[in-house]
Amino acid sequence: MGTAQPRSVATSDDEAFKKELVQLIPHLRAFARTLCGDAAAADDLAQDAMLKAWDARNSFQMGTNMKAWTFMILRNQFYSEKRRSWRQSQLDQEAAERTLVAVDDPEAPVALDELRQGLAMLPPEQREALILVGAGGFAYEEAAEICGCAVGTVKSRVSRARRALHAILNEGAYDRDGAAASEAMKSILADAERLSTVR
Amino acid sequence: MIEQRPTEDRGRQSAALDEARLRQQAIGVRLRQMFDEVVNEPVPDEFLDILRRADEQASETKQTPEKS
C-alpha cells in the first residue's frame, strides 16, 4: 500500500489510516474498560487516545502494528491522567465492583462478575499484562512494547497475574456476602466447559 | 520428571497439574470473553463524530497550500 509514496499528508494515507483506526475503536474501548473500570471514564479515555492517534498519524508507519501503537497511546494517556488524580486505585476497585459489568443479559454467568473483581485486586501492572496477552491477543513482545518494559518482565507479570487470579478465585481471597469464593471458580469452570463445547 | 516416585504419587501429582491447567484455561476463556464482550458492543456514535470532525479540520487545513 502506497509503496513509493512520499510520507507526506496525502489524503489517501489519511483515509487508510482512518479506516484502520475506526476498526480499532472497539478494541480501544475494551482495553480502556479494563484500565478504568468505569464505563463512561473508559470511553472518554478511548476517545482521547483515538484523537491522539489521529493527530499523530504522520508519525505512524503504515503497515506496522497499529493496534499495538494505539494501545500504547491509550495506556500512556491513562497513566499520565492517573498521575494527576489521587487515590485512583481505591476508585478503580470500587468502580470495578460497581460498574465493570453493565450486563443486561440475565443469562450472563455470575462468574464474569467475580473474575472482574479478581482482576481488580491484582496490581495494575500485572492486570494490564494479563489482559494484553490473555485477552487482547498480543504477543509478549508486543505487550512489552506497549508497556514499555522488557519481554521477560511481561512474561513474569503475566504468570504472576495468572497465579494470583487463580488463587483469588479459588481460595476466596475476596469475599462478597460471605459466599465461598470457590463457588466462583466452580462456575468459571462450568462456563468454560460450556463455552468450549460450543466452539 | 526423571526422579523415581511411587506411581500413585506421580499420578496424583499429574492429576493436580491437569486440574490447575484446566482452571487456568478456564480463566483464560473467561478473560477473553470479558474483553470481547466490550469489543462486540456497538461503538457509540460519539467516537465516529469526533473522528469525522478531526478529519474535516485536517482536510480544511490541507486546502490552504502548505509545505510539509
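Residues numbered from 1 in each chain as written. Chains lettered and ligands numbered in written order. Predicted model: local features only at pLDDT ≥ 70, side-chain atom pairs only at ≥ 80, totals over all residues.

Moving on: the overall build of chain A. A tally of helices and strands in chain A yields 9 helices and 0 strands. Walking chain A from its N terminus toward its C terminus, one meets helices and strands in the order α-α-α-α-α-α-α-α-α. Residues classed as buried in chain A amount to 38% of the 199 residues present. Contacts in chain A between residues at least 24 apart in sequence constitute 59% of all its contacts with a sequence separation of at least 6. (Helix = DSSP H or I, 4+ residues; strand = E, 2+ residues; numbered from the N terminus. Buried ≥ 20, exposed ≤ 12 C-beta atoms within 10 Å, placed from the backbone. Contact = placed C-beta atoms within 7 Å.)

Right, let's get into the confidence of the model for chain B. This prediction gives chain B a mean pLDDT of 81; 79% of its residues lie at or above 70. Both scores are given for the predicted complex: the pTM is 0.73, the ipTM 0.73. (pLDDT = per-residue confidence, 0-100.)

Looking now at the nonpolar core. Of all hydrophobic cores here, the largest spans 52 residues; its most connected members are L28(A), A32(A), L45(A), M50(A) and L74(A). Considering each element in turn, this core owes the most residues, 9 residues, to helix α1 (residues 11–36) of chain A. For this core, the domains that each give at least three residues are domain 1 (11–100) and domain 2 (107–199) of chain A. Not counting residues within four places of it along the chain, the set of residues in contact with M50(A) comprises L21(A), I25(A), L28(A), F47(B) and L51(B). (Core = buried A, V, L, I, M, F, W, Y, C linked by C-beta atoms within 7 Å. Domains from an automatic or database assignment.)

Another aspect to go through is the domain arrangement of chain A. Residue and element names in this part refer to chain A. When its domains are assigned, chain A resolves into domain 1 (11–100) and domain 2 (107–199). Taken together, the contact pairs 14 residues of domain 1 with 11 residues of domain 2. Its residues placed into classes, the side of domain 1 that touches domain 2 shows 7 nonpolar, 4 polar and 3 charged. (Nonpolar A, V, L, I, M, F, W, Y, C, P; charged D, E, K, R; others polar.)

In this assembly, 35 residues from chain A lie in contact with 25 residues from chain B. Looking at the side of chain A that touches chain B, the elements that each hand over two or more residues are α1, α2 (39–55), α5 (110–121), α6 (124–134), α8 (151–171) and α9 (182–198) of chain A. At 9 residues, α1(A) tops the list of elements feeding residues into the side of chain A that touches chain B. Here the side of chain A that touches chain B is built from residues that sort into 20 nonpolar, 7 polar and 8 charged.

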